[in-house]
Amino acid sequence: MTTITKTLTTSPKALPPSNQLGFGQHFSDHMFVAKFTEGKGWSEAAIVPYGPLSLDPGASVFHYGQALFEGMKVFRQQDGKVVFFRPEFNQRRMADGAARLCLEAPPLELFMDALQELVAVDERWIPEGPNTSLYIRPTLIGSEPFLGVRPSRETIFFILLSPVGSYYSEGTKPIKIWAEEKYLRAAPGGLGAVKAGANYASSLKAALDAKKQGYSQVLWLDVEHQGIEEVGTMNVFFVFDNEIVTPALNGSILPGGTRDAILELLRSKGLPVVERRITITEVIERLGRGELKEVFGTGTAAVISPVGVLHYRGKDWIINNNENGPLSNELYSEITAIQRGTQPDKLNWLVPLKK
Ligand SMILES: Cc1ncc(COP(=O)(O)O)c(C=O)c1O
């Protein structure tokens, strides 16, 4: 058991109304912070009032971008029970990412104890109501001040909590996506497979340009502008008449937790799902032949997000009459019912808040 000191706020904030949360616009009263120093290990684990961090302006995060984060959720179920969704997946992914970015990863025990204690302190921030949850943002940054280019010998691990509603302004309606041929999110050997802040910096310009054209997400292609990688901040699934395809993890795709859960769920239903390379040319050809029934993105924030319009080389392709498809609906209902506790957790995805 990690020793975590607690300093509670003397001025708790008013809770935002649960039907007007949006995504990531509010932060809870407290945050978790701990520090790793080479030769000393983890220390100073603390829950403190939410507020600014004090960092030396020479810290490596500001100069060389040593920053990595996670995104996960904790839910208040119908009977009041509080559950985390697959938190160990996020700890593992953070550890993999930390190794790639030369940061120190919090061990499983520290990660889980920090989550349990922080959420217990800010439990009143877990919203009630449809499509709501408390989003958790564990983050690692290199905090050692120096200007030589080398890994930081000091890592700060912090966790923020944000009550959230629906990710998209469209709610759960189909989204319009733009197949991007100019900018890349990631490349082989780069950082695409880890949740490095740098990947998001790299994605902003394409996302902004797509928005200006009326598309809410970018369909990311590989370096050859052929292989499909992801859609915006989601993994992507294509439902054909004879198979369900998601791009195989090739080193530049983020291994999504929701992707992993959907694969498990589809396989448990005996549906023909495959992880393989899939190109934009194949998608457009099969769309033209009427073989593509549904496309959807998967991610913690939106869970399942059906795609209604795909823009490629000057043309808008309509998918499933720009409506939510039956498989997207079924998967969305099933996952959210498990999270809400209205369906049994048959795949063992949930971890209860201990209190
Ligand atoms: C680039 C990217 N791909 C995929 C995902 C989906 O991952 P997860 O299902 O773990 O949220 C995310 C995160 O939300 C992401 O930022």
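Here goes a summary of the coordinates provided. These figures come from a predicted structure and were not determined experimentally. (Residues numbered from 1 in each chain as written. Predicted model: local features only at pLDDT ≥ 70, side-chain atom pairs only at ≥ 80, totals over all residues. Heavy atoms only, no water.)

Observations concerning the packing of helix 2 (residues 87-101) against helix 3 (residues 108-121)
Link 1 in the chain: At a minimum axis separation of 10 Å, helix 2 and helix 3 run at an interaxial angle of 130°. Relative to helix 3, the element helix 2 lies oblique. Viewed along their axes, helix 2 and helix 3 form a crossing whose handedness is right-handed. Listed contacts from helix 3 to Pro87, Glu88, Asn90, Gln91 and Met94 of helix 2 are Leu108, Phe111, Met112 and Leu115.
Link 2 in the chain: Class assignment for the residues of the contact of helix 2 with helix 3 results in 6 nonpolar, 2 polar and 1 charged. (Axes fitted to C-alpha atoms, helices over the stretch in contact; angles between N-to-C directions. Helix = DSSP H or I, 4+ residues; strand = E, 2+ residues; numbered from the N terminus. Parallel < 35°, antiparallel > 145°, perpendicular 65-115°, else oblique. Left-handed = near helix turned anticlockwise from the far one by under 90°. Contact = heavy atoms within 4.5 Å. Nonpolar A, V, L, I, M, F, W, Y, C, P; charged D, E, K, R; others polar.)

Examining the site of the ligand
Link 1 in the chain: Residues in close proximity to the ligand total 16 residues, the closest being Tyr200, Glu230, Gly257, Thr258 and Thr300.
Link 2 in the chain: Between the ligand and Tyr200, the relevant distance is 2.4 Å, taken from an oxygen atom to a side-chain nitrogen or oxygen of the residue.
Link 3 in the chain: One of the side-chain nitrogen or oxygen atoms of Glu230 is found 2.4 Å away from a nitrogen atom of the ligand.
Link 4 in the chain: Considering the ligand on its own, with 380 Å² of exposed area, one finds that the protein chains cover 95% of that surface.
Link 5 in the chain: Of all the secondary structure elements, the ones that give two or more residues to the shell around the ligand are helix 5 (257-268) and strand 15 (292-299).
Link 6 in the chain: For the shell around the ligand, a count of residues per class yields 3 nonpolar, 9 polar and 4 charged. (Near = heavy atom within 4 Å. Polar contact = N/O pair within 3.5 Å; in protein donor to acceptor, adjacent residues only side chain to side chain. Areas by Shrake-Rupley, 256 points an atom, 1.4 Å probe, with all protein chains shown as cover.)

Quick notes on the packing of helix 5 against helix 7 (residues 326-340)
Link 1 in the chain: At their nearest, the axes of helix 5 and helix 7 sit 11 Å apart, and the two run at 105° to each other. The pairing of helix 5 with helix 7 is recorded here as roughly perpendicular in orientation. Residues Ile262, Leu265 and Leu266 of helix 5 form the contact with helix 7, whose own contacting residues are Leu327, Leu331, Glu334 and Ile335.
Link 2 in the chain: Class assignment of the residues belonging to the contact of helix 5 with helix 7 gives a composition of 6 nonpolar, no polar and 1 charged.

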